Amino acid sequence: MSDRWRSLLEKVCIPVGALVAALMIFGLFCALAGANPFGVYYSIYRAAFGSWSSFQNTLIQASPLMLSALCTALPARLGLVIIGNEGALVLGGLAAVAGGLTLGGWGLPTPGVQLGMALAGMLVGGIWIAIVGALRHYRAVNETISSLLMNYIAIALLNHMVNGPMKDPSSLNKPSTFPIPEMHMLGTLPGSRVHYGLVLGLVACGLAYFLIQRTTFGFAARTAGGNIRAARVAGLPVGKLTLAICFLGGACAGLAGMVEVAAVHGRANESLNANYGYGGVLVAFIARHNPIAASLVALLLGGILASGGILQRSHGLPDATVMVFQGIVFLSVLYSDSLYGKLPIFKARPPKVRPAPPVATATPV
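Residues numbered from 1 in each chain as written. Predicted model: local features only at pLDDT ≥ 70, side-chain atom pairs only at ≥ 80, totals over all residues. Heavy atoms only, no water.

Chemist: I'd like a description of the overall build of the protein, backed by residues and values.
Modeler: The helix and strand inventory of the protein stands at 14 helices and 0 strands. If you list the helices and strands of the protein from N to C, you get α-α-α-α-α-α-α-α-α-α-α-α-α-α. Out of the 365 residues belonging to the protein, those deemed buried represent 46%. Per element, the accessible surface of the protein, about 18300 Å² overall, is 67% carbon and sulfur. Averaging the positions of the 23 positive and the 10 negative side-chain charges in the protein gives two centres separated by 15 Å. (Helix = DSSP H or I, 4+ residues; strand = E, 2+ residues; numbered from the N terminus. Buried < 20%, exposed > 50% of the residue type's maximum accessible area, 1.4 Å probe, protein only. Areas by Shrake-Rupley, 256 points an atom, 1.4 Å probe, with all protein chains shown as cover. Lys, Arg positive; Asp, Glu negative; His and termini not counted. Charge placed at Lys NZ, Arg CZ, Asp CG, Glu CD.)

Chemist: Report on helix H6 (residues 143-163), specifying residues and quantitative values.
Modeler: Helix length check: H6, at 21 residues, gives a terminal C-alpha distance of 30 Å against a target of 30 Å (1.5 Å per residue), a fit within 8%. Every buried residue belonging to H6 is among Glu143, Ser146, Ser147, Met150, Asn151, Ala154, Ile155, Leu158 and Val162, and all of these are buried. The secondary structure elements touched by the buried residues of H6 are helix H4 (85-105), helix H5 (110-139) and helix H11 (276-286). Where H6 begins, the side chain of Asn142 points an oxygen toward the backbone nitrogen of Thr144, at a separation of 3.0 Å. (Expected span 1.5 Å × (residues − 1). Contact = heavy atoms within 4.5 Å. Polar contact = N/O pair within 3.5 Å; in protein donor to acceptor, adjacent residues only side chain to side chain.)

Chemist: Please provide a residue-by-residue account of the packing of aromatic side chains, values included.
Modeler: Given two aromatic rings, their pairing is described by the distance between the two centres and the angle made by the two planes. Under the definition given, this model contains 6 aromatic pairs. Arranged with centres 6.1 Å apart and planes meeting at 25°, the rings of Phe26 and Phe29 form a pair that is stacked. Of this pair, Phe26 and Phe29 both sit in helix H1 (residues 3-32), 3 residues apart, which is roughly one turn of the helix. Its relative accessible area of 32% is what places Phe29 among the partly exposed residues. For the ring pair Phe26 and Tyr41, a centre distance of 6.5 Å and an interplane angle of 40° mean the geometry is tilted. Of the two residues, Phe26 sits in helix H1 while Tyr41 sits in helix H2 (residues 37-49), which places them 15 residues apart along the sequence. On the basis of relative accessible area, Phe26 is assigned to the buried category, the value being 1%. Assessed through its relative accessible area of 24%, Tyr41 is described here as partly exposed. Through a chain of ring-to-ring contacts, the aromatic side chains of Phe26, Phe29, Tyr41 and Phe325 assemble into a single cluster. The side chain of Arg288 reaches across the aromatic face of Tyr340, ending 4.0 Å from its centre. (Phe/Tyr/Trp six-rings, centres within 6.5 Å; stacked < 30°, edge-to-face > 60°. Lys NZ or Arg CZ within 6 Å of the ring centre and 35° of its normal.)

Chemist: Break down the nonpolar core for me, citing the residues and quoting the values.
Modeler: Core analysis: the biggest nonpolar cluster contains 89 residues, and Val40, Met258 and Val283 have the highest contact counts within it. With 13 residues, the single largest contributor to this core is helix H10 (residues 238-265). Those residues in contact with Met258 that lie beyond four places of it in its chain are Gly92, Gly93, Ala96, Gln114, Met117, Ala118 and Leu186. (Core = buried A, V, L, I, M, F, W, Y, C linked by side-chain atoms within 4.5 Å.)

Chemist: A description of unusual backbone geometry should follow, citing residues and the corresponding values.
Modeler: At Ala140, a residue that is not glycine, the phi angle is positive and equals roughly 55°. Here Ala140 shows up in the loop between H5 and H6. The exposure class of Ala140 is exposed, given its relative accessible area of 59%. Of note in the backbone geometry, Asn275 takes a positive phi value of approximately 70° without being a glycine. Summarising the element assignment, Asn275 is placed in the loop between H10 and H11. Asn275 sits in the partly exposed class, given a relative accessible area of 30%.

Chemist: Before we move on, could you go through the pattern of salt bridges and cite the residues and values that matter?
Modeler: Taken as a whole, this structure holds 3 salt bridges when the rule is applied. Glu143 is paired through a salt bridge with Arg136; the nearest N and O atoms lie 2.9 Å apart. Among the residues examined, Glu143 registers a relative accessible area of 7% and is labelled buried. The residue Arg288 makes a salt bridge to Asp337 at a minimum N-O spacing of 2.7 Å. Of this pair, Arg288 sits in the loop between H11 and helix H12 (291-306) while Asp337 sits in the segment after helix H14 (321-336), and the two are 49 residues apart along the sequence. (Salt bridge = Lys/Arg side-chain N within 4 Å of Asp/Glu carboxyl O.)

And the structure:
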């Protein structure tokens, strides 16, 4: 087998093996909780892909996951491990509502308002993650820790705004911002309940793949991610690359927030903090930070998220069971990363060296 095929099989078999191991561990968890593991798996399949109606729910759940995953996948090409997706998403949604209400008050047409909401969400989300990149490059602050802590700051800002300056006085039981007018909401695809956020997610994943794999900027980012010292010696602007790619990742998460408020909730409130950001981290790691693979993995994880209700009704499991499943999958995938390049079956065998033929020597007379 050629080295190319060995590498391809390794990239496919190890993640699949990690998912199978996660399914086995989750099945044990369900059995200990008093549920039939095979019945649970069947319920997940039925709730995620069993019918056109359930598959639409999966697509709706997958849309923000695709965009959120790029917030981790893009900086990973530069060697950064960023998990601040949730913070960029909630602030992007909050900024989108502010932009939509402002532009709608100015009397702009619906396409202009929707574009303004998208740009506002992307700008705020991008700046939020660019701060993490700046801390990493200029002050050597660990980006994983800083991005995680900034999630809590972003959620606190969201709660402050929806309970204070942006609160709709009529939202008594659940503090929220003023609603986005119905005419400015994102519509649905013809003949379905799936909103246009799915299209935005697929387009963003395709553009991200093209940017990383087919452009000079992507080549520079991959070079710096492989060896930052060599990149500096070669004269690459590592600081600008760090800020730019962090901004792009955060902008994608901010766009996910805009999709949630403009297509699902209609306003910003605590429902924005629905763990789509953390789910995007899981999607990015399972997809090995490949934007195209992330769109497929998002469908799988979206189906799991869509099955939370049926697990509670049919098997008596708590609604948070899907979060346990996510955690098990995440740990399995993290462990599987240590197996790359170590399994003998995927290692190239050294070529067999034939012994040299004996050299004839002259017999002395």
